[in-house]
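Topology and contacts: notes
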Amino acid sequence: MTTAGAVHRQPSTMEPPPPPAGRQVVLVVSPTVRKSARLITRIESALKEHGLTAVDVLEVAAADRVRSWVSRPDDERPLIVAAGGDGTVGTVVGYVADTCAVMGILPLGTSNDVARSLGVPLRLDAAVALLIDGKVASVDVGSLESDGAPPRFFVHAAAMGLDVVFARLATSPALRHRLGHLTYAVAALIAVRWRRPFACELRYDGRTERPEALHLSVINAPVFGGRFRFSVPGSDVDDRRLDVLAIEDMPLHRVALAMATLLLRRPRPPRGVHLHHAREIRIHSEEPTGVVLDGELAGTVPGTFSIVAEGLRVVVPQTYEDTVGDPEGDAVEAVKQVAEVATQSIEARSRRWRERITDADEALVRGVAGRRIPLAGALLRRLSRSADHGVLWG
């Protein structure tokens with residue numbers, strides 16, 4: 001994970017443009033992909049089949065060269081494609097976020113949570129076809145500003161606690177070589193067994209909480225856990241909010257229950273699991289604590305997490321619903337408009353009632369004065385005589 005490039009885009013409320021007109025792409029590949037000559041050949045063949053040319057192929061370790069491609073003029077800038085898992089996507093996001101560049105994704109990792117959240121096909125041929133047939137959406141990214149360090153972007157999630165141990169194991173080349181697709185499952189079991197809670201302070205929306213957390217995630221994309229497809233209730237990658245998931249220190253069976261709740265997408269988390277939504281959250285810990293950003297250990301807390309609205313331009317399916325503007329702000333504005341219409345309606349009805357009452361009063365006065373309502377006249381005369389004698393009814 002790296003900080004963003006220097007070419008900043010201007011926020012726009014216009015519809016997202018189509019994918020870049022040029023047929024050139026820059027591939028940023030994971031170490032696993034790079035080691036597979038067969039996979040590289042498949043990627044290049046699929047690109048060629050769809051009329052695309054890879055003008056540069058970079059391994060994650062050399063991703064800093066992306067800066068020179070991002071800084072090119074609009075008509076010369078290629079599509080920057082992350083070919084790998086969430087860690088590779090996170091690396092590319094660090095250079096592309098908050099710039100004019102567009103990112104594509106070829107999901108070739110284990111979890112591919114970012115691709116799942118955006119609806120990017122998991123099959124290579126379909127993902128390459130999407131680079132041509134898809135559209136460009138502007139989605140939110142998260143930002144971590146550790147104390148004394150420049151901001152770092154993430155599109156999927158930032159995590160502390162269990163995920164740090166898990167990431168160290170899951171990204172171990174030796175473990176991956178020995179266990180293959182079982183790496184994540186074994187890494188998860190070891191991380192839970194070695195679990196160690198940490199004290200932290202959460203500050204958001206004027207509130208302060210001090211949990212003894214076993215695990216803490218700040219999530220932007222709602223889907224995680226790969227094939228398990230865990231999801232955060234009420235979350236979306238484009239909702240202008242970060243989702244904070246905190247799991248307290250608890251016995252292993254309750255940790256399993258918490259995971260099952262997320263897997264089954266229950267609306268209410270179990271006891272010991274806290275879920276909050278906020279645009280910004282400050283996390284403080286007495287000692288520097290490692291943070292995993294999009295699957296890679298790349299930051300620390302104390303630090304501040306915030307949302308960068310529409311901070312990433314990425315190729316997605318045509319069916320993807322891209323939120324333009326601020327949903328929360330739009331909702332508030334809509335409520336204001338409804339309230340204004342309701343107020344106008346109430347005032348109009350009130351005026352009509354006042355007019356009717358005034359008309360009725362005038363008719364009553366005319367009727368009494370002209371003795372057109374004998375009973376009313378009789379009552380008025382009796383009230384007048386009673387008042388003269390100091391009594392109401394005689």
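Predicted model, so just to flag it, every value in this text is computed and none were measured.

**Brief notes about the overall build of the chain**
- A count of helical and extended segments in the chain gives twelve helices and 19 strands.
- A buried classification covers 44% of the 394 residues belonging to the chain.
- The long-range share in the chain, meaning contacts at least 24 apart out of those at least 6 apart in sequence, stands at 71%.
- When the accessible area of the chain is evaluated, it comes to approximately 21100 Å², of which 55% is carbon and sulfur surface.

**Observations regarding the pattern of salt bridges**
- Under the criterion given, the structure shown has nine salt bridges.
- Among the salt bridges present, the one from R65 reaches D56, with a minimum N-O distance of 2.8 Å.
- The closest approach of N and O atoms between R203 and E201, which form a salt bridge, is 2.5 Å.
- Its relative accessible area of 11% is what places E201 among the buried residues.

**Quick notes on helix α6 (residues 124–133)**
- Every buried residue belonging to α6 is among L124, A127, V128, A129, L130 and L131, and all of these are buried.
- In this fold, the buried residues of α6 make contact with α2 (37–49), β3 (79–84), β4 (103–107) and β19 (303–316).

**Some remarks on the packing of α2 against α6**
- At a minimum axis distance of 9 Å, the contact between α2 and α6 shows a crossing angle of 40 degrees. The angle between α2 and α6 places the two elements in the oblique class. Helix-helix and strand crossings are classified by hand; for α2 and α6 the assignment is right-handed. Along the contact surface, α2 presents R42, I43, A46 and L47, while α6 presents L124, D125, V128 and L131.
- Tallied by class, residues from the contact of α2 with α6 come to six nonpolar, no polar and two charged.

**Description of the packing of aromatic side chains**
- Per the stated rule, a full pass over the model turns up one aromatic pair.
- Aromatic side chains F154 and F305 sit 6.2 Å apart centroid to centroid with 75 degrees between the ring planes, which places their arrangement in the edge-to-face category. Taken as a pair, F154 in strand β6 (residues 152–154) and F305 in strand β19 lie far apart in primary sequence, 151 residues in all.
- Judged by its relative accessible area of 0%, F154 falls in the buried class.
- The class for F305 is buried, based on a relative accessible area of 0%.

**As for the environment of R77**
- Within the secondary structure layout, R77 lies in the loop between α3 (66–70) and β3.
- Owing to a relative accessible area of 12%, R77 belongs among the buried residues under this scheme.
- The spacing of R77 and V102 is 25 residues in sequence and 8.9 Å in space, taken between C-alpha atoms.
- Contact partners of R77, with chain neighbours within four places excluded, come to W69, V70, R72, C100 and A101.

**Focus on the environment of A115**
- If you trace the backbone, A115 turns up in helix α5 (residues 113–118).
- For A115 and I105, which are ten residues apart along the polypeptide, the C-alpha to C-alpha distance reads 7.0 Å.
- If we ignore the near neighbours within four places in the chain, the residues touching A115 are I105, P107, V120 and L122.

**Concerning the nonpolar core**
- Grouped together as the largest cluster of nonpolar side chains are 54 residues, with contacts concentrated most on I43, I80, V93, M103, L106, L118 and L312.
- Not counting chain neighbours up to four residues away, the residues in contact with M103 comprise L79, I80, V89, V92, V93, V96, L312, R313, V314 and V315.
- Core analysis: the second largest hydrophobic core is formed by 23 residues, L144, Y204, V244 and I307 among them.

**So, the pairing of strand β5 (residues 135–146)**
- The element β5 is largely enclosed, with a buried count of ten among its twelve residues.
- Bridge count between β5 and β19: eleven bridges; the pairing is antiparallel. Counterpart to E145 in the pairing with β19 is T304.
- Bridging between β5 and β6 involves three bridges; their strand directions are antiparallel. Along β6, the bridge assignment pairs G142 with F154.
- What sits between the antiparallel neighbours β5 and β6 is a turn of five residues, in which G148 has the positive phi angle 80 degrees.

**Comments concerning the environment of R203**
- Looking at where R203 falls in the secondary structure, it is placed in strand β9 (residues 201–204).
- Exposure remark for R203: the relative accessible area of 41% places this residue in the partly exposed category.
- Distance in space between the C-alpha atoms of R203 and T304 is 9.4 Å, their sequence separation being 101 residues.
- Dropping the residues within four chain positions of it, R203 is found in contact with T208, E280, I281 and R282.
- Within polar-contact distance, the side chain of R203 engages the side chain of E201 at 2.5 Å.

Conventions we followed
- Residues numbered from 1 in each chain as written.
- Predicted model: local features only at pLDDT ≥ 70, side-chain atom pairs only at ≥ 80, totals over all residues.
- Heavy atoms only, no water.
- Helix = DSSP H or I, 4+ residues; strand = E, 2+ residues; numbered from the N terminus.
- Buried < 20%, exposed > 50% of the residue type's maximum accessible area, 1.4 Å probe, protein only.
- Contact = heavy atoms within 4.5 Å.
- Areas by Shrake-Rupley, 256 points an atom, 1.4 Å probe, with all protein chains shown as cover.
- Salt bridge = Lys/Arg side-chain N within 4 Å of Asp/Glu carboxyl O.
- Axes fitted to C-alpha atoms, helices over the stretch in contact; angles between N-to-C directions.
- Parallel < 35°, antiparallel > 145°, perpendicular 65-115°, else oblique.
- Left-handed = near helix turned anticlockwise from the far one by under 90°.
- Nonpolar A, V, L, I, M, F, W, Y, C, P; charged D, E, K, R; others polar.
- Phe/Tyr/Trp six-rings, centres within 6.5 Å; stacked < 30°, edge-to-face > 60°.
- Core = buried A, V, L, I, M, F, W, Y, C linked by side-chain atoms within 4.5 Å.
- Pairing = 2+ DSSP bridges.
- Polar contact = N/O pair within 3.5 Å; in protein donor to acceptor, adjacent residues only side chain to side chain.

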